[in-house]
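# Architecture and fold: a report
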Amino acid sequence: MTTAAKLLAAEGTSPIMPHLYELVVGGFAFFVVLFVVGKILTPRIQKTLAERTDAIEGGIKRAEDAQTEAQALLKQYKDQLAEARHEASRLREEAREQGAQIKAELREEAQAEARRLVEAAHLQIEADRQQAFAQLRTELGRLSIDLAGRIVGESLEDEARQRRTVDRFLEELESSSAAVR
């Protein structure tokens, strides 16, 4: 036998069974630790775990809320972009229509101005023709009087006589030119 076994045999106690005072002190220490852990540490640990759970769940909830809000904002921005594109398209179409309208108005004004200029030119031509006809009539009358004076042999100095002769001659000339036409 070994020396440890001899010592234990001399004491008369079992090596497996502890002494009674060790059991009482061990039991008291166990209950103190159990009380400290149960009454002080466990609520703190549970409180910390609850705070972490709330923080994690709140973070997840906030992240979901932020994602939902981001999706709503994205949809809103897409809607605004589509509306802005539609508005830009409408404005371009209005500008085209206004451009076409202005172009048509300018064309009408140009055509009206051209008609006015043509009419003014026709009136000027008619006035020039009348003036030329009057000058030609006067010149023709003078030449006719000179010729008639040479043929008749008498002077047609009398103004009234000259007019009657010229008028008669021109009437004959106009009637003969109207017959030719």
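Residues numbered from 1 in each chain as written. Predicted model: local features only at pLDDT ≥ 70, side-chain atom pairs only at ≥ 80, totals over all residues. Heavy atoms only, no water.

### What about the overall build of the protein?
Short version of the rule: Put simply, DSSP H or I for four residues or longer makes a helix, DSSP E for two residues or longer makes a strand, and each gets a number counted from the N terminus. Think of it in three bands: residues with accessible area under 20% of the maximum for their type are buried, residues over 50% are exposed, and the middle band is partly exposed, with areas taken using a 1.4 Å probe on protein chains only. Here the Shrake-Rupley method, with its probe set to 1.4 Å, supplies the accessible areas, and only the displayed protein chains count as covering residues.
Within the protein, the regular secondary structure consists of 3 helices and 0 strands. Expressed as a percentage of its 181 residues, the buried residues of the protein come to 6%. When the accessible surface of the protein is summed, it comes to about 15,900 Å², and 61% of that surface belongs to carbon and sulfur atoms.

### Thoughts on the confidence of the model for the protein
Rule in force here: Confidence per residue, as judged by the predictor, is encoded in pLDDT with a range of 0 to 100.
Per-chain confidence: the protein averages 83 in pLDDT, with 82% of residues scoring 70 or above. Per-residue pLDDT, averaged within each element of the protein, yields its smallest value for helix H1 (residues 3-11) (60) and its largest for helix H2 (residues 20-152) (88).

### Brief notes about a nonpolar patch on the surface
Note the threshold: Patch members must show over 30% relative accessible area and no salt bridge, and they are joined within 9 Å when carrying like charges or within 5 Å when they are nonpolar side chains of Val, Leu, Ile, Met, Phe, Trp or Tyr. Note on definitions: salt bridges are taken to be side-chain nitrogens of Lys or Arg within 4 Å of carboxyl oxygens of Asp or Glu.
Taken together, the side chains of Phe28, Val32, Val33, Phe35, Val36, Val37, Ile40, Leu41, Ile45 and Leu49 make up a nonpolar region of the molecular surface, amounting to roughly 880 Å² of accessible area. For phenylalanine 28, the position within the fold is in helix H2. For phenylalanine 28, a relative accessible area of 60% gives the class exposed.

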